[in-house]
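Report on the structure
These are the residues of each chain, in order.
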Amino acid sequence: MRVAVVGTGYVGLVTGSCLAEFGMHVTCVDIDKTKIDKLNKGQIPIYEPGLESIINRNTRDGRLKFTTDISESVKNNLVIFIAVGTPAREDGSADLQYVDAVAKQIADNINGYKVIVDKSTVPVGTGQRVKGIIKDITKNKFKFDVVSNPEFLREGAAVNDFMRPDRIVIGAESEEAVAIMKDVYSAHYLNEAPFVITNIETAEMIKYASNAFLALKITYINEVANLCDLVGADVHKVAKAMGMDGRISPKFLHPGPGYGGSCFPKDTQALSYIAKTYGYDFQLVNTTVEVNELQKLKMVEKIGLLLGVDHSAQNAFKDYTLGILGLAFKPNTDDMRESPSITIINELLEKGARIKAFDPIAMENARKIFGNRVHYCQDEYETAEGVNCLVILTEWNQFRKLDMNKMKAIMKDLYLADLRNIYEPEKMKSIGFKYTSVGRS
Ligand SMILES: NC(=O)c1ccc[n+]([C@@H]2O[C@H](COP(=O)([O-])OP(=O)(O)OC[C@H]3O[C@@H](n4cnc5c(N)ncnc54)[C@H](O)[C@@H]3O)[C@@H](O)[C@H]2O)c1
């Protein structure tokens, strides 16, 4: 089985590498020459636990190649995955220009039967759109099938998620395409991963419906946490007891500063836009998007409350230096896309704060966003030195066991805003911190 994966980002690189690990011959293609050059030198352009060794092993064994040559990749492979970005446009709709461009390139180079697999997250109807683009160019000269095979991996756990998925969704219109896709995923089949075989439109909808539901679940517990703060309840106990109900499940019930990342923000907006184009007002998703934005700003209000300043005043934080621990939208990734840290830090800077910051992996990407408006530190302790307040924004494991007595000695004032609830409030207070968290005040 020979496979090409077009788009070598978080999804494409993991897909290509893991399929090679399962014994397939895979060519990963990207238009970004710098990225491909790096990969050909054995340098991994993203941080994803476990990925480097898989890439090294499979390139060494000749099952995994990297190239910018899409023409040869289309000609030499039976299955061609499209894994390019589908970012949000200004109006919230998914920008399909990269998907369209790949469809055209496939059409220009097709030389026999191909299965063209859309792995990017795309609006319902995109499979037919890709089919239309290829048909228009090739004038029915070659037989091909378009398949929707959405990806559900989580950044930071992508390799494990790809290797052991909860389900594999295949949306197709021909039995031949389904059989070939089952062959691609034969290792998963043997491992008894559940397969959902459906039409293209249903597969496309499954992805958006899943992501929007998860975003909604996070947003729900965030609002419950906000209310817990007001009524004196402990959101951890509330979430734990809720999660014991099999109908609810304990996952995605961790309150925090709002969801971020490359998927939930754009996918909720895209679903809302899709609904609108069909004349349907998807109120629950629209509200989720709005409430999530408010949650990020609520964190600034929370920091203000802790410090005893009116966060809404101009220059509210002008007398404060804040040390931020964690910039990525979640641990174990270098991805800064739509990270809540962006809104929160920008708001604090706007209100006059001085910001020191540290993230174990995402510093390079963070620099591209904040430039020299933030003072970047080498570690947690340099970040804490001389600050009025320490703010935990991403729950990296290494932040869970900080030497708080050392922190106490080096911080100017002992304010701690633990926006990921990784410390015990009573313990922090007993050490001498003025402490706040989300839903446990
Ligand atoms: N990142 C995730 O956690 C995740 C999870 C599930 C699904 N998805 C979806 O998968 C898709 C890809 O996401 P990502 O995070 O991997 O994106 P990414 O931005 O990390 O990677 C996209 C890659 O495509 C390349 N590209 C663009 N146009 C190209 C072309 N014409 N030919 C070859 N390469 C081209 C870019 O250079 C880039 O390297 C998106 O639709 C996303 O919604 C992402």
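The preceding data block contains the structure.
Here's what I pulled together on the structure shown here.

Rules and cut-offs
Residues numbered from 1 in each chain as written. Predicted model: local features only at pLDDT ≥ 70, side-chain atom pairs only at ≥ 80, totals over all residues. Heavy atoms only, no water. 1 Å grid on protein atoms, 1.4 Å probe; cavity = no way out; pocket = protein on both sides within 12 Å on 5 of 7 lines; lining within 4 Å. Points joined across faces, edges and corners; volume = space filled by probe spheres on them. Helix = DSSP H or I, 4+ residues; strand = E, 2+ residues; numbered from the N terminus. Near = heavy atom within 4 Å. Polar contact = N/O pair within 3.5 Å; in protein donor to acceptor, adjacent residues only side chain to side chain. Areas by Shrake-Rupley, 256 points an atom, 1.4 Å probe, with all protein chains shown as cover. Nonpolar A, V, L, I, M, F, W, Y, C, P; charged D, E, K, R; others polar. Domains from an automatic or database assignment. Contact = heavy atoms within 4.5 Å. Core = buried A, V, L, I, M, F, W, Y, C linked by side-chain atoms within 4.5 Å. Buried < 20%, exposed > 50% of the residue type's maximum accessible area, 1.4 Å probe, protein only.

A few words on empty space enclosed by the protein. Going through the model one piece at a time under the given rule, you end up with 1 cavity of 30 Å³ or more. When its volume is computed, the largest cavity comes out at roughly 40 Å³. As for the largest cavity, its lining consists of Asp118, Ser120, Thr121, Val122, Ser148, Asn149, Pro150, Ala203, Glu204 and Lys207. No other element matches the 3 residues that helix α10 (residues 200-231) contributes to the lining of the largest cavity.

The next thing to look at is the site of the ligand. In the region of the ligand, 27 residues are neighbours, and Asp30, Lys35, Thr86, Glu155 and Lys266 sit closest. Between the ligand and Glu155, the relevant distance is 2.7 Å, taken from a nitrogen atom to a side-chain nitrogen or oxygen of the residue. Isolated, the ligand exposes 830 Å² of accessible area, and the fraction of that covered by the protein chains is 90%. Those elements that provide at least two residues to the shell around the ligand are α1 (10-21) and α5 (97-109). At 3 residues, α5 tops the list of elements feeding residues into the shell around the ligand. In terms of residue class, the shell around the ligand is built from 10 nonpolar, 9 polar and 8 charged. The residue makeup of the shell around the ligand includes at least three contributed by each of domain 1 (2-198) and domain 2 (208-290).

Mapped onto the elements of the fold, Asn77 is located in the loop between α4 (70-76) and β4 (79-82). A distance of 3.2 Å separates a polar atom in the side chain of Asn77 from the backbone nitrogen of Val3. Excluding its chain neighbours within four sequence positions, the residues that come into contact with Asn77 are Arg2, Val3, Ala4, His25, Thr27 and Lys114.

In terms of nonpolar packing, the biggest core is built from 64 residues, with Leu348 and Ile355 touching the most fellow members. Counting the residues that make up this core, at least three belong to each of domain 2 (208-290) and domain 3 (296-436). The residues contacting Ile355, other than those within four sequence positions of it, are Leu322, Ile324, Ile345, Leu348, Leu349, Val374 and His375. Counting 43 residues, the second largest nonpolar core, distinct from the first, contains Ala20, Met24, Val117 and Met181.

This part takes up unusual backbone geometry. With phi around 70 degrees, Ser249 is a residue other than glycine that occupies positive phi space. On the basis of relative accessible area, Ser249 is assigned to the partly exposed category, the value being 27%. If you check the backbone angles, Asn332 has positive phi at about 65 degrees while not being a glycine. Counting through the fold element by element, Asn332 comes out in the loop between β9 (321-325) and α14 (340-350).

Space left empty within the atom packing is revealed by a probe, the size of a water molecule, rolled over the atoms. Roughly 300 Å³ of volume is contained in the second largest pocket. Taken together, 15 residues make up the lining of the second largest pocket; nearest its centre are Asp229, Lys302, Leu305, Thr436 and Ser441. Taken together, the elements giving at least two residues each to the lining of the second largest pocket come down to α10, α13 (283-307), α18 (425-431) and β14 (434-436). It is α13 that contributes the most residues to the lining of the second largest pocket, 5 residues altogether. In terms of domain composition, the lining of the second largest pocket takes at least three residues from each of domain 2 (208-290) and domain 3 (296-436).

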